[in-house]
Amino acid sequence: MNRHRQLETDMSTIYIASDHGGFNLKTFLVQYLKDKGHDVHDLGPSDPASCDYPLKAQAVTDAILKDENAFGILVCGTGIGMSMAANRVPGIRAALCTSEFHASFARAHNNANVICLGERVSGQGIAASMVDVFLSTPFEGGRHLRRINLFNK
Ligand code: RB5
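The model shown is predicted, which means the values in this text are computed figures rather than measured ones.

## Looking at the site of the ligand
Stage number 1. For the ligand, the full set of nearby residues is Asp-19, His-20, Tyr-53, Cys-76, Gly-77, Thr-78, Gly-81 and Arg-120.
Stage number 2. Asp-19 places a side-chain nitrogen or oxygen 2.6 Å from an oxygen atom of the ligand.
Stage number 3. Residue Gly-81 places a main-chain N or O atom 2.8 Å away from an oxygen atom belonging to the ligand.
Stage number 4. Burial of the ligand by the surrounding chains reaches 73%, relative to a free accessible area of 290 Å².

Laid out in C-alpha cells, this is it:
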C-alpha cells in the first residue's frame, strides 16, 4: 500500500492490453502515454483480430502482481468483461471508469491498480483525461485502507 502519488509529473510504469473491441483505443493510449514519458508496456494484441479478453486481462494482472508500483490499463468494447476478469484476481482492484470522477475516486478511495475502459463507450479525449487523473491521484489511506483490506476476507 505504498502508492502515494502527489505530482502529475510523476512517471508511471504501465501495463496495458486490450481485446479486439478495445484495440484502437489501446493503440491510441499507448502512444499518448509514451509521449508523456511514462514507461509503457504494451501486452497486446498487436493487431485487431478477434481475441479473448480474459487472457489479456490475465497478462496485465500477472504483471501488476509482480510490480506493485505499476498501474494497469485494460480496454475492451465496454470495459465490463475486462473489469470482471481482472477483479477475480486477489490483489487486483480494477475500476471500470467512464468519467474523470470515477477515475479520481477509484484511486483516492479504492486504491485501484487497474483502470478498465470501454472503446465503444468512451472517446479518446475522455479516455486520455481519465487515465491522466487515474495516474496522478493519490490513495487517501485511513478508513479507505481499512475498507479495501476487507476485500477477500
Ligand atoms: C467483444 O465483442 C466484446 O464482447 C468485448 O470487447 C467486451 O466488451 C466484453 O466485455
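## Here we look at helix α5 (residues 124-136)
Stage number 1. In a regular helix each residue adds 1.5 Å, so 13 residues correspond to 18 Å; α5 covers 18 Å between its end C-alpha atoms and thus fits that length.
Stage number 2. Buried residues of α5: Ala-127, Ala-128, Met-130, Val-131, Asp-132, Val-133, Phe-134, Leu-135 and Ser-136, and no others.

## Considerations on the packing of aromatic side chains
Stage number 1. Tallied over the entire structure, the rule returns three aromatic pairs.
Stage number 2. Ring geometry for Phe-101 against Phe-105: centres 4.6 Å apart, planes inclined by 35°, an arrangement best described as tilted. With a gap of four residues between them, Phe-101 and Phe-105 both fall in helix α4 (residues 100-108), about one helical turn apart.
Stage number 3. By relative accessible area, Phe-105 is classed as partly exposed at 32%.
Stage number 4. A cation over an aromatic ring shows up here: Arg-107 above the ring of Phe-134, its NZ or CZ 5.9 Å from the ring centre.

## Some points on the nonpolar core
Stage number 1. In terms of nonpolar packing, the biggest core is built from 23 residues, with Leu-29, Ile-73, Ile-115, Leu-117 and Phe-134 touching the most fellow members.
Stage number 2. At the level of elements, β1 (13-18), α1 (23-35), β3 (71-76), α4, β5 (114-118) and α5 are the ones that each hand at least two residues to this core.
Stage number 3. Sorting elements by how many residues they give to this core places α5 first, with six residues.
Stage number 4. Those residues in contact with Leu-117, other than ones at most four positions away along the chain, are Leu-25, Leu-29, Ile-73, Leu-74, Val-75, Cys-76, Thr-78, Gly-79, Cys-97, Ala-127, Met-130 and Val-131.
Stage number 5. Counting residues in each nonpolar core, the second largest holds 16 residues, with Tyr-15, Val-60, Ala-63 and Cys-116 among its members.

Cut-offs applied
Position labels on residues start from 1 in each chain and follow its written sequence. At least 70 in pLDDT is required for a residue's local features to be given in this predicted model, at least 80 for side-chain atom pairs to be given and counted, and no such filter applies to totals for whole chains, interfaces and linings, which use all residues. Hydrogens and water are ignored here; the side-chain numbers use all heavy atoms of the structure. The cutoff for a nearby residue is simple: one of its non-hydrogen atoms must lie within 4 Å of the molecule or strand. Two N or O atoms form a polar contact when they lie within 3.5 Å of each other; inside protein one atom must be a possible hydrogen donor and the other a possible acceptor, and for residues adjacent in sequence the pair counts only when both atoms belong to side chains. For the area figures, the Shrake-Rupley method with a 1.4 Å probe applies, and any residue is considered shielded solely by the protein chains shown. By the criteria applied, helices consist of DSSP H or I runs no shorter than four residues and strands consist of E runs no shorter than two, each listed in order from the N terminus. Take the residue count of a helix, subtract one, and multiply by 1.5 Å to get its expected span. Exposure is judged per residue with a 1.4 Å probe applied to protein chains only, and the accessible area is read against the type maximum: over 50% gives exposed, under 20% gives buried, and values in between give partly exposed. Think of it this way: a Phe, Tyr or Trp ring, Trp meaning its six-membered ring, pairs with another when their centres are within 6.5 Å, and the plane angle makes it stacked under 30 degrees, edge-to-face over 60, tilted otherwise. Here, over-ring charges are defined by two tests on the NZ atom of lysine or the CZ atom of arginine: distance to the ring centre within 6 Å, and angle to the ring normal within 35 degrees. Nonpolar core, defined: a set of buried Ala, Val, Leu, Ile, Met, Phe, Trp, Tyr and Cys residues in which side-chain atoms within 4.5 Å join the residues together. We call two residues in contact when some of their heavy atoms are within 4.5 Å.

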